[in-house]
Amino acid sequence: MTSLHPKLVGADRAQLRATFTSADPFPHIVLDDAIAPAVLDELVATFPDDAWEGWDRFTDSYQAGKRYCQDIAAMPAAHARVINELTQPAFLDLLRDITGIDGLIPDPYLEGGGLHSSGAGGVLTPHTDFHLYTRLGLHRQLNLLLYLNQDWKPGDGGRLGLWRKGEEEPRVRVAPELGRVVIFRTADDSVHGFADPVAEGRERHSIALYYYTAAESEAYAGDTTTYWQQHRATSVVARIRLRIYQALLLTARGFAMLAHRANPNLTRRRPHR
């Protein structure tokens, strides 16, 4: 039995692609009828609580209050089943039809993905993702986020923002409501995150999956680094260290862009759109 909602299975894929490719500030789509209601009920009922031993935790300020699990063998059966289905050929074909990207490859290691949970005060600083996945020698193309939050209200925070690079405010804000799926292209200009903290008494739950290609994108889409767009530095020493970090990162990014442009195998290929 499929976990996908009948409305998504029977949707006009040409229309979905038109929505995805024309979206601002970069290609994306928000789907509210993607997962079958009975499946959502099971995912919510069995989502691990804060005391679960399977959680790893981020300690940096860029992802304050965030827990994650990349080990599919440790996850509740319902979550493992859905993740497996969203990495199978039938769903990869659907992603291809929506995005126009051929040859999509899921990550069996769920690097950076899997189950995510942010408690009260949790944020995810706006950023662009790593593009080169050295573990498998692949190139990141898409993010998929499935939200598992019942009765999410406007004051609960945690809204996904999609920014145009260099702008202060997001062009799009997406509340992490139950069953909502967001699919977006990841590239050098795909700034995203949630800057408004999760409200007291709430937890923000999701499944995150990333999809790759063996072929590089024609346009420069990033390197091995996550580029945070906002930083905190409360002391003089911290500000000095931050400036050094930014200078080194800018230099490394410059070399990565030059390496991309020097690659002779990219000059005759069309970019993914």
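Residues numbered from 1 in each chain as written. Predicted model: local features only at pLDDT ≥ 70, side-chain atom pairs only at ≥ 80, totals over all residues. Heavy atoms only, no water.

On to the pairing of strand 9 (residues 160–163). Residues in a regular strand project their side chains so that they alternate between the two faces of the sheet. The side-chain alternation of strand 9 yields two buried faces, one formed by Leu160 and Leu162 and the other by Gly161 and Trp163. Pairing between strand 9 and strand 10 (residues 172–174): 3 bridges, direction antiparallel. Paired with leucine 160 across the two strands is valine 174, which belongs to strand 10. Across 3 bridges, strand 9 lies against strand 12 (residues 191–194) in antiparallel orientation. (Buried < 20%, exposed > 50% of the residue type's maximum accessible area, 1.4 Å probe, protein only. Helix = DSSP H or I, 4+ residues; strand = E, 2+ residues; numbered from the N terminus. Pairing = 2+ DSSP bridges.)

Take a nonpolar patch on the surface next. A cluster of nonpolar side chains, namely Ile240, Ile244 and Leu248, defines an oily patch on the protein surface of about 310 Å² accessible area. Of note, isoleucine 244 is situated in helix 6 (residues 236–262). (Patch = residues over 30% accessible without salt bridge, like charges linked within 9 Å, V, L, I, M, F, W, Y side chains within 5 Å. Areas by Shrake-Rupley, 256 points an atom, 1.4 Å probe, with all protein chains shown as cover. Salt bridge = Lys/Arg side-chain N within 4 Å of Asp/Glu carboxyl O.)

Ranked by internal contacts, the top residues of the largest apolar core, which has 38 residues, are Leu146, Ile183 and Tyr211. Looking at this core, the elements that each hand over two or more residues are helix 2 (13–22), strand 1 (28–31), helix 3 (37–45), helix 4 (77–85), helix 5 (89–99), strand 8 (138–147), strand 11 (181–185) and strand 13 (204–213). Take this core: its biggest share by element is 5 residues, from helix 5. Isoleucine 183 has contacts with Phe20, Pro27, His28, Ile29, Leu31, Leu95, Leu142, Asn143 and Leu144, leaving out every residue within four places of it along the chain. Core analysis: the next-biggest nonpolar cluster, separate from the first, contains 15 residues, Phe26, Phe130, Leu145 and Val174 among them. (Core = buried A, V, L, I, M, F, W, Y, C linked by side-chain atoms within 4.5 Å. Contact = heavy atoms within 4.5 Å.)

So, about helix 3. Every buried residue of helix 3 is accounted for by Val39, Leu40 and Leu43. Down the axis of helix 3, the buried set is contained in an arc of 100 degrees. They therefore lie on one face. Away from the buried face of helix 3 by more than 90 degrees, exposed residues Ala38 and Ala45 are located. Where helix 3 is buried, its residues touch helix 4 and strand 8. (Arc of directions from axis to C-beta.)

The next thing to look at is the side chain of asparagine 143. Assignment of secondary structure puts asparagine 143 in strand 8. Relative accessible area serves as the criterion here: at 2%, asparagine 143 is assigned to the buried category. There is a polar contact of 2.9 Å between the side chain of asparagine 143 and the side chain of aspartate 129. Residues within four places of asparagine 143 in sequence aside, it is in contact with Asp129, Val182, Ile183, Phe184, Thr186, His192, Leu209 and Tyr210. (Polar contact = N/O pair within 3.5 Å; in protein donor to acceptor, adjacent residues only side chain to side chain.)

A word on the pairing of strand 3 (residues 66–69). Neither face of strand 3 is left uncovered, since the one carrying Lys66 and Tyr68 and the one carrying Arg67 and Cys69 both have all their residues buried. In terms of strand pairing, strand 2 (residues 56–57) meets strand 3 through 2 bridges, oriented antiparallel. Bridging across to strand 3, aspartate 56 finds its partner in tyrosine 68. Pairing of strand 3 with strand 5 (residues 114–118) involves 4 bridges; the strand directions are antiparallel. Within strand 5, the residue paired with lysine 66 across the bridge is serine 118.

Strand order in the open sheet formed by 5 strands is 10-9-12-6-14, with antiparallel pairing between adjacent strands. Across the chains shown, the open sheet's two edge strands, defined by having one partner strand only, are strand 10 and strand 14 (227–228). Two strands pair when backbone bridges link them, and strand 6 (residues 124–128) and strand 14 are joined in this way by 2 bridges, in the antiparallel orientation. Across the sheet, threonine 128 pairs through a bridge with tyrosine 227, a residue of strand 14.

Attention shifts here to the packing of aromatic side chains. Applying the stated criterion to the full structure yields 6 aromatic pairs. Pairing phenylalanine 47 with tryptophan 55 gives two aromatic rings, centres 5.9 Å apart and planes at 40 degrees, and the pair type is tilted. In this structure, phenylalanine 47 and tryptophan 55 share a single accessibility class: buried. Taken together, a centroid distance of 6.1 Å and an interplanar angle of 50 degrees make the contact between phenylalanine 130 and tyrosine 133 tilted. For the pair phenylalanine 130 and tyrosine 133, one class covers both residues: buried. Taken together, the ring pairs connect Phe47, Trp52 and Trp55 into an aromatic cluster. It is arginine 67 that lies over the ring of tryptophan 55; its NZ or CZ is 5.8 Å from the centre. When the ring centre of tyrosine 210 is taken as origin, the NZ or CZ atom of arginine 140, which lies over that ring, is 3.8 Å away. (Phe/Tyr/Trp six-rings, centres within 6.5 Å; stacked < 30°, edge-to-face > 60°. Lys NZ or Arg CZ within 6 Å of the ring centre and 35° of its normal.)

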